[in-house]
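Results of the structural survey
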Amino acid sequence: GLLMAVVLDNAGGAWDNAKKYIESGAHGGKGSEAHKAAVTGDTVGDPCKDTAGPALHVIITTMSTTIIVLGPLFLPSRA
């Protein structure tokens, strides 16, 4: 699940960035076939990014908090 969320989040961001890059004038700019394909990709990528991103935030926050709390148990004591 975690790996799939990372892939979806990164792919959604890549599709969004590709559309912005084409709109800046690359590969024919707006109105080109590349732009039409990028709009389709962005339409698919936005839900991926919007659902996987917040889920990853929760997982990363939970993992960080857990290791901060439990980390000292795994360190050697200095007695």
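What this report covers is the structure whose coordinates are included nearby. These numbers come from a predicted model, not from an experiment. (Residues numbered from 1 in each chain as written. Predicted model: local features only at pLDDT ≥ 70, side-chain atom pairs only at ≥ 80, totals over all residues. Heavy atoms only, no water.)

Here we look at the pattern of salt bridges
Put simply, the test is: Salt bridges are defined as contacts in which a side-chain nitrogen from Lys or Arg sits within 4 Å of a carboxyl oxygen from Asp or Glu. Elements are defined by DSSP. Helices are runs of H or I of four residues or more, strands are runs of E of two residues or more, and each kind is numbered from the N terminus. The buried label applies to any residue whose accessible area, calculated with a 1.4 Å probe on protein chains only, is under 20% of its type's maximum; exposed applies above 50%, and partly exposed to all values in between.
Applying the stated criterion across every chain, the model contains 6 salt bridges. In this structure, lysine 19 and glutamate 23 form a salt bridge, with 4.0 Å as the shortest nitrogen-oxygen distance. Placement of the pair is lysine 19 and glutamate 23 together in helix 1 (residues 2-23), with a separation of 4 residues, close to one helical turn. The class of lysine 19 is buried, set by a relative accessible area of 17%. Across the pair glutamate 33 and lysine 36 runs a salt bridge, and its minimum N-O distance is 3.3 Å. Of the two residues, glutamate 33 and lysine 36 both sit in helix 2 (residues 33-74), 3 residues apart, roughly one turn of that helix. Three or more residues are tied together by salt bridges with common partners; here these are Asp16, Lys20, Asp46 and Lys49.

With respect to the side chain of histidine 35
Selection rule: Each polar contact in these results corresponds to two N or O atoms within 3.5 Å; when the atoms are within protein, one needs to be able to donate a hydrogen and the other to accept it, and residues that are neighboring in sequence are counted only if both atoms are side-chain atoms. Residues are treated as being in contact if the distance between any of their heavy atoms lies within 4.5 Å.
You can see histidine 35 is positioned in helix 2. Here the side chain of histidine 35 touches glutamate 23 through a polar contact of 3.1 Å, side chain to side chain. Discounting chain neighbours no more than four positions away, the residues touching histidine 35 are Ile22, Glu23, Gly29 and Lys30.

Details of the environment of glycine 12
Note that glycine 12 resides in helix 1. Each C-alpha atom, one on glycine 12 and one on threonine 62, is 23 Å from the other, the two residues being 50 residues apart in sequence. Excluding residues within four positions of it along the chain, glycine 12 makes contact with Gly45 and Lys49.

Remarks on helix 2
Given 3.6 residues per helical turn, the α-helix brings residues three or four places apart onto the same face. What counts, and what does not: Bend is computed residue by residue as the angle between axes fitted to the seven residues ending at the residue and the seven residues starting at it.
Of all the bends in helix 2, the greatest, near 35°, is centred on isoleucine 68, and the proline proline 72 appears no more than four residues after it. Among all positions in helix 2, only His35, Ala38, Gly41, Asp42, Gly45, Cys48, Ala52, Leu56 and Gly71 are buried. Here the buried face of helix 2 lies against helix 1.

Re the environment of threonine 61
Checked against the element boundaries, threonine 61 lands in helix 2. Spatially, the C-alpha atom of threonine 61 lies 32 Å from that of threonine 40, the residues being 21 residues apart in sequence. A distance of 2.7 Å separates a polar atom in the side chain of threonine 61 from the backbone oxygen of histidine 57.

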